[in-house]
Amino acid sequence: QVQLVESGGGLVQPGGSLRLSCAASGSIFSINTMGWYRQAPGKQRELVALFTSGGSTVYAGSVKGRFTISRDNNKNTVSLQMNSLKPEDTAVYYCKSILRNGVDYWGKGTLVTVSS
């Protein structure tokens, strides 16, 4: 099993920045991919950014150039630096990992609100 704990959400004005972190514990050596998803009110959960099994990154078109995913293997964390935030970025952000056996795990989420 893998446990994921997100942190760093909050209220920010349009144009501002936030940094989210996801700390992984448990069977971390079994993790194949890891990344961030979000779910806005009344909408489906969607991919924001992730690391593939090969170590490359994938971004949603709506965040490309504004968000950056990074990882610290020593601390078993994956972070999401979010710049130039827009009201439409308001959502609950979830960390997700997929193990090599295909089982996926989700964190409980952290709320990001972009509003003036």
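Owing to the predicted nature of the structure, the values given are computational and were not obtained by experimental measurement. (Residues numbered from 1 in each chain as written. Predicted model: local features only at pLDDT ≥ 70, side-chain atom pairs only at ≥ 80, totals over all residues. Heavy atoms only, no water.)

A few words now on the overall build of the protein. Looking only at helices and strands, the protein has 0 helices and 11 strands in total. Listed N to C, the secondary structure of the protein is β-β-β-β-β-β-β-β-β-β-β in terms of helices and strands. In terms of overall dimensions, the protein is globule-like: its C-alpha atoms have a radius of gyration of 13 Å, near the 13 Å expected for 116 residues. Principal-axis analysis of the C-alpha atoms gives the protein an extent of 40 × 25 × 25 Å. Across the 116 residues of the protein, 40% fall into the buried class. Sequence separation of 24 or more characterises 53% of the internal contacts of the protein that already satisfy a separation of 6 or more. About 6,200 Å² of surface is accessible on the protein, with carbon and sulfur atoms providing 48% of the total. A distance of 3 Å separates the average location of the 12 positive side-chain charges in the protein from that of its 6 negative side-chain charges. (Helix = DSSP H or I, 4+ residues; strand = E, 2+ residues; numbered from the N terminus. Rg over C-alpha atoms; globule rule 2.2 N^0.38 Å. Buried < 20%, exposed > 50% of the residue type's maximum accessible area, 1.4 Å probe, protein only. Contact = heavy atoms within 4.5 Å. Areas by Shrake-Rupley, 256 points an atom, 1.4 Å probe, with all protein chains shown as cover. Lys, Arg positive; Asp, Glu negative; His and termini not counted. Charge placed at Lys NZ, Arg CZ, Asp CG, Glu CD.)

Strands sit in the order 1-3-8-7 across an open sheet of 4 strands; the sheet is antiparallel. Across the chains shown, the open sheet's two edge strands, defined by having one partner strand only, are strand 1 (2-7) and strand 7 (67-72). Strand-to-strand twist in this sheet, taken as the mean axis angle between neighbours without regard to direction, amounts to 15°. (Pairing = 2+ DSSP bridges. Axes fitted to C-alpha atoms, helices over the stretch in contact; angles between N-to-C directions.)

Throughout the structure, instances matching the rule amount to 2 aromatic pairs. Relative to W106, the ring of Y37 lies with its centre 5.2 Å away and its plane at 65°, an arrangement referred to as edge-to-face. Pair noted here: Y37 is in strand 4 (residues 31-39) and W106 is in strand 10 (residues 104-106), with a separation of 69 residues, a long-range link. The exposure class of Y37 is buried, given its relative accessible area of 16%. Measuring from ring centre to ring centre gives 6.2 Å for Y94 and W106, while their planes differ by 85°; the resulting arrangement is edge-to-face. Of this pair, Y94 sits in strand 9 (residues 91-99) while W106 is found in strand 10, placing the two residues 12 residues apart along the sequence. An aromatic cluster of three or more residues is present, and its members are Y37, Y94 and W106. Note that R45 overlies the ring of W106, its terminal NZ or CZ placed 4.6 Å from the centroid. Over the ring of F51 we find R71; its NZ or CZ atom is 4.4 Å from the centre of that ring. (Phe/Tyr/Trp six-rings, centres within 6.5 Å; stacked < 30°, edge-to-face > 60°. Lys NZ or Arg CZ within 6 Å of the ring centre and 35° of its normal.)

What follows concerns the confidence of the model for the protein. Averaged over every residue, the pLDDT of the protein is 95; residues scoring 70 or more account for 100%. The element-level mean pLDDT for the protein is lowest in strand 4, coming to 94, with strand 11 (residues 110-114) highest at 98. (pLDDT = per-residue confidence, 0-100.)

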